[in-house]
Amino acid sequence: MSTDGLIVVDKPGGMTSHDVVARIRRLAKTRRVGHGGTLDPMATGVLVIGVGRATRLLTYVIGAGKSYNGTIRLGQATVTDDAEGDVIATAPAGHLTDDAIRSALTALSGEVEQVPSAVSAIKIDGQRAYKRVRDGESVELPARRVTISRLEVLAIRRTEPDVVDVDVDVTCSSGTYIRAIARDAGLALDVGGHLTALRRTAVGGFTLAESATLDELEQRAPDVVNLPLDAAADRFFQRREATPEEARVLAHGGPLDPAGLTGPYAVFGPAGGLIAIVSERDGRARAEIVLAPA
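Residues numbered from 1 in each chain as written. Predicted model: local features only at pLDDT ≥ 70, side-chain atom pairs only at ≥ 80, totals over all residues. Heavy atoms only, no water.

### Observations concerning the pairing of strand 12 (residues 193-203)
Step number 1: For strand 12, the buried fraction is high: eight of the eleven residues fall into the buried class.
Step number 2: Relative to strand 12, strand 3 (residues 44-51) runs parallel, the two being bridged by two bridges. Its bridge partner being in strand 12, T44 is matched across the sheet by R199.
Step number 3: For strand 4 (residues 66-74) and strand 12, the ladder comprises nine bridges, and the chain directions are antiparallel. Within the sheet, the bridge partner assigned to N69 lies in strand 12 and is R199.
Step number 4: The pairing of strand 12 with strand 13 (residues 206-207) spans two bridges and is classified as antiparallel. Bridge pairing links V203 to F206 in strand 13.
Step number 5: If you look at the hairpin formed by strand 12 and strand 13, you'll find two residues sitting between the two strands, and G204 has a positive phi there, around 60°. (Buried < 20%, exposed > 50% of the residue type's maximum accessible area, 1.4 Å probe, protein only. Helix = DSSP H or I, 4+ residues; strand = E, 2+ residues; numbered from the N terminus. Pairing = 2+ DSSP bridges.)

Dropping the structure here:
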């Protein structure tokens, strides 16, 4: 069985995030596998997978900032806001100037109220929004505040009549939908828009440079973890060293004296092993999750 830890996978197109988890379960020979943030089947790129005890770190990975390269097609709107859905409206976009396109995208950056795509994994009364849409329901999701800290236009291409393809580089907070950026840019320009390509380039500090394809993982199975639990926590969190007595107390769920660190942070024992992820509140350092082996 594989050691506890994280795997940075370069997800291929055409697979769901759950498909990737199922493949890793087989390769790692364990059921205890999860992912740190869904990627649509059309999308490729960084998908962080947790194995064993490291699945408990995934809640922090999911909340991390993310970066993407994508292509927005102006002139066509689809039911899913991406290329997987049927085209529901068209309008000639060839007249749009580069300045108008850049201005519309600039207006969508910063802290914004974004309405997620109706065909999303958000749950409404316990059921995924995309399931309700596929069942013929009309779904309206409330806007949520997200931060789009970088929205750079890399290229504007006019290779087909009446449509304009815009390549973008986006860095954003968790919960941001790149499909919604494409939709909203099309609405602002009154021509419709959808996403035709998406590649996630980073999740937190995890990037494509350290990712492995599923074929590469297949070749080295079951040794598929490339960031053991201790190393993964050291990468993702601030570090605190515990004394032997502190380590004993924390391993049993007890609180420590605060260290003045902004949390959550990782606490390591005298031997270097990860004990817990801790945050400080009410004058004490308390474990959010205890990860020391039982």
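### Some words on the UniProt feature "active site" (unreviewed entry) in the chain
Step number 1: Look at the UniProt record and you will see "active site" (unreviewed entry) annotated at D40.
Step number 2: Accessibility expressed as a relative area gives 25% for D40, which makes it partly exposed. (UniProt positions renumbered as here; feature names shortened; annotations may be inferred.)

### Comments concerning helix 3 (residues 98-106)
Step number 1: Within helix 3, the full set of buried residues consists of I101, A104 and L105. Take helix 3 and look down its axis: the buried residues cluster within an arc of 95°, on one side only. Across from the buried face of helix 3, at angles greater than 90 degrees, the exposed residues are D99 and T106.
Step number 2: Those residues of helix 3 that are buried lie in contact with strand 4, strand 10 (144-157), strand 11 (164-172) and helix 5 (178-188). (Arc of directions from axis to C-beta. Contact = heavy atoms within 4.5 Å.)

### Quick look at the environment of P142
Step number 1: When you line up the elements, P142 lands in the loop between helix 4 (129-134) and strand 10.
Step number 2: Once the C-alpha coordinates of P142 and Q114 are considered, the two residues, 28 residues apart in sequence, prove to be 8.4 Å apart.
Step number 3: Filtering out sequence-adjacent residues up to four positions away, P142 remains in contact with Q114 and P116.

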